[in-house]
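# Summary of structural features
Here's the letter readout for the chains.
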Amino acid sequence: RKEVEQDPGPFNVPEGATVAFNCTYSNSASQSFFWYRQDCRKEPKLLMSVYSSGNEDGRFTAQLNRASQYISLLIRDSKLSDSATYLCVVKGPSQAGTALIFGKGTTLSVSS
Amino acid sequence: NAGVTQTPKFRILKIGQSMTLQCTQDMNHNYMYWYRQDPGMGLKLIYYSVGAGITDKGEVPNGYNVSRSTTEDFPLRLELAAPSQTSVYFCASSLRLFEDGPTVGELFFGEGSRLTVL
């Protein structure tokens, strides 16, 4: 099992749709979880952290399921501007710089 | 508000040439990182630094070297470039290593350097 796995997509959805991405991780001792957004040919930027109780930021909701070792990102009322690649990032138990593991990303394309 | 600045943005190298990718940050971050991103792949850590004078290898350090003489600068040196080093390189920085809490330890990335080795 790969350390961090994401469905690469692409997910093609119309404006206004609700879309969900999942990400699974292999190390049960992983401590912190994040979603980053990367626009085409741009650098990744933090979208949101994922907390144990789940958290919401506007149209975006992140959930963590430690028992099944996956995190999810739900986007409601999709906008054209949401088109990007979404990277799942997991921090393992190490305090070293190698602790962060990036998934390969899930590509979302929102069309009008 | 510059953040993390990388140069050059684009470079074409011939096999065997050497070059340095420059990275500087103005946020007074202790932690700095170099990643490479190949098409369809996740970011792979090359080297990282937890402060001036301290560097350590990441997942894919072969063929690269780094130094950290100041808090602000973290250059990446490619020696004897090979086609396998064709990639997009991202420098990043963070205030401290990730801990629990809202946006604690957020990575700030530079705009990337696209390197082609022919």
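Each remark here, short or long, concerns the structure printed above.
This text gives an overview of the structure that appears in the document. (Residues numbered from 1 in each chain as written. Chains lettered and ligands numbered in written order. Predicted model: local features only at pLDDT ≥ 70, side-chain atom pairs only at ≥ 80, totals over all residues. Heavy atoms only, no water.)

Glancing now at the overall build of chain A. What chain A contains, in helices and strands, is zero helices and 11 strands. Counting from the amino terminus, helix and strand elements in chain A follow one another as β-β-β-β-β-β-β-β-β-β-β. Against the compact-globule benchmark of 13 Å for 112 residues, chain A has a radius of gyration of 14 Å, which places it among compact chains. Taking the principal axes of the C-alpha coordinates as reference, chain A spans close to 45 × 30 × 25 Å. In chain A, which comprises 112 residues, the share counted as buried stands at 47%. (Helix = DSSP H or I, 4+ residues; strand = E, 2+ residues; numbered from the N terminus. Rg over C-alpha atoms; globule rule 2.2 N^0.38 Å. Buried < 20%, exposed > 50% of the residue type's maximum accessible area, 1.4 Å probe, protein only.)

In the segment running from Gly-9 of chain A into Pro-10 of chain A, the intervening peptide bond is cis, with an omega of 10 degrees. Within the element layout of this structure, Pro-10 of chain A appears in the loop between strand S1 (4-6) and strand S2 (11-14). The omega torsion across Thr-7 of chain B and Pro-8 of chain B is -5 degrees, close enough to zero to call that bond cis. Relative to the helices and strands, Pro-8 of chain B is located in the loop between strand S1 (4-7) and strand S2 (10-13). One non-glycine residue with positive phi stands out, namely Asn-28 of chain B, at about 60 degrees.

Here the focus is the state of the cysteines. The tally for this structure, following the rule as stated, stands at two disulfides over all chains. The disulfide that involves Cys-23 of chain A links it to Cys-88 of chain A, with 2.0 Å between the sulfurs. Between Cys-23 of chain A and Cys-88 of chain A, the disulfide has an S-S torsion of -75 degrees and is therefore left-handed. A residue pair is termed long-range when its members are at least 10 positions apart, and Cys-23 of chain A in strand S3 (residues 19-25) and Cys-88 of chain A in strand S9 (residues 84-91) qualify at 65 residues. Each member of the pair, Cys-23 of chain A together with Cys-88 of chain A, is buried. Each disulfide pairs two cysteine sulfurs, and for Cys-23 of chain B the partner residue is Cys-91 of chain B, the sulfurs being separated by 1.9 Å. On the sign convention where negative is left-handed, the bridge of Cys-23 of chain B and Cys-91 of chain B, at about -75 degrees about the S-S bond, is left-handed. Of the two residues, Cys-23 of chain B is situated in strand S3 (residues 19-25) and Cys-91 of chain B in strand S9 (residues 87-94); the sequence distance between them amounts to 68 residues. (Disulfide = S-S within 2.5 Å.)

Moving on to the sheet that holds strand S7 (residues 60-65) of chain A. Residue and element names in this part refer to chain A. In space, the five strands of this open sheet follow the order S1-S3-S8-S7-S6, with antiparallel pairing throughout. With partners counted over all chains shown, the strands left at the sheet margins are S1 and strand S6 (55-57), one partner each. Ignoring strand direction, the axes of neighbouring strands in this sheet form an average angle of 20 degrees. As defined by bridge partners, S3 adjoins strand S8 (residues 70-75) across six bridges and the pair is classed as antiparallel. In the strand pairing of S8, Phe-21 is matched with Leu-73. (Pairing = 2+ DSSP bridges. Axes fitted to C-alpha atoms, helices over the stretch in contact; angles between N-to-C directions.)

What follows is about the pattern of salt bridges. Residue and element names in this part refer to chain B. A full pass over the atoms with the stated rule returns eight salt bridges over all chains. One salt bridge in this structure joins Lys-9 and Glu-111, with 3.4 Å as the shortest N-O distance. Of this pair, Lys-9 sits in the loop between S1 and S2 while Glu-111 sits in the loop between strand S10 (108-109) and strand S11 (113-117), placing them 102 residues apart in sequence. Judged by its relative accessible area of 42%, Lys-9 falls in the partly exposed class. Glu-111 gets classed as partly exposed once you look at its relative accessible area, which sits at 48%. Ionic pairing is found between Lys-44 and Glu-59, a salt bridge with its closest N-O pair at 3.7 Å. Of this pair, Lys-44 sits in strand S5 (residues 44-51) while Glu-59 sits in the loop between strand S6 (54-57) and strand S7 (64-66), and the two are 15 residues apart along the sequence. Its relative accessible area of 28% is what places Lys-44 among the partly exposed residues. (Salt bridge = Lys/Arg side-chain N within 4 Å of Asp/Glu carboxyl O.)

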